[in-house]
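Next come the chains, spelled out residue by residue.
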Amino acid sequence: PLNCGIVGLPNVGKSTIFSALTSAPAESANYPFCTIDPNVGIVNVPDPRLQSIAEHIPTEKIIPAVVEFVDIAGLVKGASKGEGLGNKFLSHIREVGVIVHVVRCFENPDIVHVDNRIDPAGDIETINIELALADLETVEKRLVRIEKDSRASKEAAKKASALAPILEQCKALLQEGRPARALELDDEQEELLRDLHLITRKKMLYVCNVDEASIGTENEYVATVRSIAQAEGAGVVVLSGQIEKEIAALEDPEERQAFLEDAGLTESGLSSLIHEGYRLLGLRTYFTAGPKEVRAWTFHEGDKAPQAAGVIHTDFEKGFIRAETYSFDDLVAYKSEQKVREAGKLRQEGKEYLVKDGDIMHFKFNL
Ligand code: GDP
């Protein structure tokens, strides 16, 4: 699943952040697969390299990559009345690739916190314990099932004996309220665990929602979140939902830039959130560039050239011959494709080529 799901306690700023993310939705003509669901946002991935490429390769239009964010709280509003996170919430969260956990790190007397205090460590614990309990249930059920299955056939017994010790280790962690993410597994073990869709093995990104005054400084709440994230192997992004919403509402890019500079920022917090989510999903970008369009395409880290070509069209993958490839850095250094070619920097890459982030590619294929 290639999306980021936004979670967090009530009143921490989830909807503010989601509405800032989706205020400039990706042009849907380019992404006909988009369904119209108010809780799902197809978000452009900001990438200044696109503008740089277009400076050297004049073009009619620029098309950025996109990534999907889901407002999970919005999906379950009303569905999970009362305490606890509810089954519906949990089933949605099982489907996402990365969990974006918004934590309230701002003070504002007008906005009541659920427990009447600002306490990032306590808030994080509240959510993480719910998630750990959900996984614990999954793991315990599976342990019972494989025990039963292992009596049915030799093959099932063999699989059970490989899986059981991993499940026991997960169980021990989860019982302490710790994420199963803390368990280091090799690829084979990871594969055994895969169909359990454990929530706490998904990558997590904490978003510290700070007040306007704390932008560019590290308030004590942020420091707390950072130390928790580090211990859990999670990422951290600091932003102010309020400011991001105001920036996103500005139509003029120059005005937006000026606003950022006034706030003491080089990149909007929202951009960092989008980049970090994209990266944690294992997504990378290559480009195609020509007079009609300069475009960013998304591939998975580790993809070879034919698979990356398949992102554009399945025929490109099936009929792949080779890819003329050079790097974005070479284009910047030599300033035109012709000069890149003359400098011997344009490579002919075959089926085994591992595509790199920032590659500019022309695919040759048979139909
Ligand atoms: P949700 O329940 O997590 O979706 O939270 P909301 O996005 O609805 O935000 C709850 C309240 O906090 C709203 O009144 C927001 O205006 C306010 N809020 C959200 N982000 C910020 C922020 O960065 N700074 C301040 N001061 N208030 C914020």
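Think of each chain on its own: its residues are numbered from 1, step by step along the sequence as written. Local features in a predicted model are, by the rule used here, given only for residues with pLDDT of at least 70; side-chain atom pairs are given and counted only at 80 or more, and totals for whole chains, interfaces and linings are based on all residues.

A word on the overall build of the chain. Looking only at helices and strands, one finds 15 helices and 12 strands in the chain. Taken over C-alpha atoms, the radius of gyration comes to 23 Å for the chain, in line with the 21 Å a tight globule of 367 residues would show. Taken along the three principal axes of its C-alpha coordinates, the chain extends 65 × 65 × 35 Å. Partly exposed residues are those whose C-beta has more than 12 but fewer than 20 other C-beta atoms within 10 Å; 20 or more makes a residue buried and 12 or fewer makes it exposed, with C-beta atoms placed from the backbone. Split into buried and exposed, the 367 residues of the chain put 33% on the buried side. Helix and strand assignments follow DSSP, with helices taken as H or I runs no shorter than four residues and strands as E runs no shorter than two, numbered in order from the N terminus. Our radius of gyration looks at C-alpha atoms and nothing else; its globule reference is 2.2 Å times the residue count to the power 0.38.

What follows deals with helix α4 (residues 87-94). For α4, the complete set of buried residues consists of F89, L90, H92 and I93. One side of α4 holds all its buried residues, which, seen down the axis, span an arc of 160°. Here the arc refers to the directions that run from the helix axis out to each C-beta atom.

Within the structure, the ligand sits among 17 residues, and G13, K14, S15, T16 and G241 are positioned closest to it. Listed by contribution, the elements that provide at least two residues to the shell around the ligand are α1 (14-21) and α9 (241-249). It is α1 that contributes the most residues to the shell around the ligand, three residues altogether. Split into classes, the residues belonging to the shell around the ligand amount to five nonpolar, 10 polar and two charged. As used in this record, a residue near a molecule or strand is one whose C-beta atom, placed from the backbone, is within 6 Å of it. When residues are grouped by polarity, Ala, Val, Leu, Ile, Met, Phe, Trp, Tyr, Cys and Pro land in nonpolar, Asp, Glu, Lys and Arg in charged, and all others, Gly among them, in polar.

Bringing the nonpolar core into the picture now. Grouped together as the largest cluster of nonpolar side chains are 58 residues, with contacts concentrated most on I6, V103, V207 and C208. Note: domain ranges come from an automatic or database domain assignment. Shared between two domains, this core takes at least three residues from each, and those domains are domain 1 (3-46 + 65-117 + 203-280) and domain 2 (126-200). By definition, residues are in contact whenever their C-beta atoms, placed on the basis of the backbone, come within 7 Å of each other. Here I6 is in contact with K14, I17, F18, F69, V70, D71, I72, A73, V100 and V102, once residues within four sequence places are set aside. Nonpolar cores are built from buried Ala, Val, Leu, Ile, Met, Phe, Trp, Tyr and Cys residues. These are joined into a set through C-beta atoms within 7 Å. Counting 21 residues, the second-largest nonpolar core is a separate cluster that includes V294, F316, I360 and F363.

UniProt positions are given in the numbering used here, feature names are shortened, and annotations may be inferred rather than shown by experiment. With numbering matched to this structure, UniProt assigns "binding site: ATP" (unreviewed entry) to N11, V12, G13, K14, S15 and T16. Topologically, N11 is positioned in the loop between β1 (3-7) and α1. Using a count of 13 C-beta atoms within 10 Å as the deciding quantity, one classes N11 as partly exposed. Here K14 is to be found in helix α1. Discounting chain neighbours no more than four positions away, the residues touching K14 are I6, G8, D71, A73 and V102.

This part covers the sheet that holds strand β7 (residues 235-239). The pairing criterion for strands is at least two bridges between them, as found by DSSP. Pairing is mixed across the open sheet formed by six strands, whose spatial order is β2-β4-β1-β5-β6-β7. Lying at the two open borders of the sheet, with one neighbouring strand each, are β2 (40-44) and β7. Recorded for the sheet is a direction-independent mean angle of 25° between the axes of neighbouring strands. The pairing of β1 with strand β5 (residues 98-105) spans four bridges and is classified as parallel. Across the sheet, residue G5 finds its bridge partner in β5, namely I99. Every angle, taken between N-to-C directions, lies between 0 and 180 degrees, and every axis is a line fitted to C-alpha atoms, over only the stretch in contact when it is a helix.

This paragraph deals with the packing of α1 against α9. Interaxial distance between α1 and α9 falls to 9 Å at its minimum, and their mutual angle equals 25°. Of the possible angle classes, the one that applies to α1 and α9 is roughly parallel. The element α1 and its partner α9 pack so that their crossing is left-handed. Across the interface between the two elements, T16, I17, S19 and A20 of α1 pack against G241, Q242, E244, K245 and A248 of α9. Grouping the constituent residues of the contact of α1 with α9 by class yields three nonpolar, four polar and two charged. The labels follow the angle: roughly parallel below 35 degrees, roughly antiparallel above 145, roughly perpendicular from 65 to 115, and oblique for the rest. In this scheme the handedness of a crossing depends on how the near helix is turned from the far one: anticlockwise by less than a right angle means left-handed, clockwise means right-handed.

Phi at N11 takes a positive value of approximately 65°, unusual for a residue other than glycine. One non-glycine residue with positive phi stands out, namely H197, at about 50°. One can find H197 in the loop between α7 (187-193) and β6 (203-210).

This brings us to the packing of helix α5 (residues 120-149) against helix α6 (residues 154-175). Orientation of α5 relative to α6, taken along the N-to-C sense of each, is 155°, at an axis distance of 9 Å. Between α5 and α6, the interaxial angle falls into the category roughly antiparallel. You can see that α5 and α6 cross each other, and the crossing is left-handed. Residue-level contacts link A132, D135, L136, V139, E140, R142, L143, I146, E147 and D149 of α5 to A156, A160, L163, A164, L167, C170, K171, L174 and Q175 of α6. Grouping the constituent residues of the contact of α5 with α6 by class yields 12 nonpolar, one polar and six charged.

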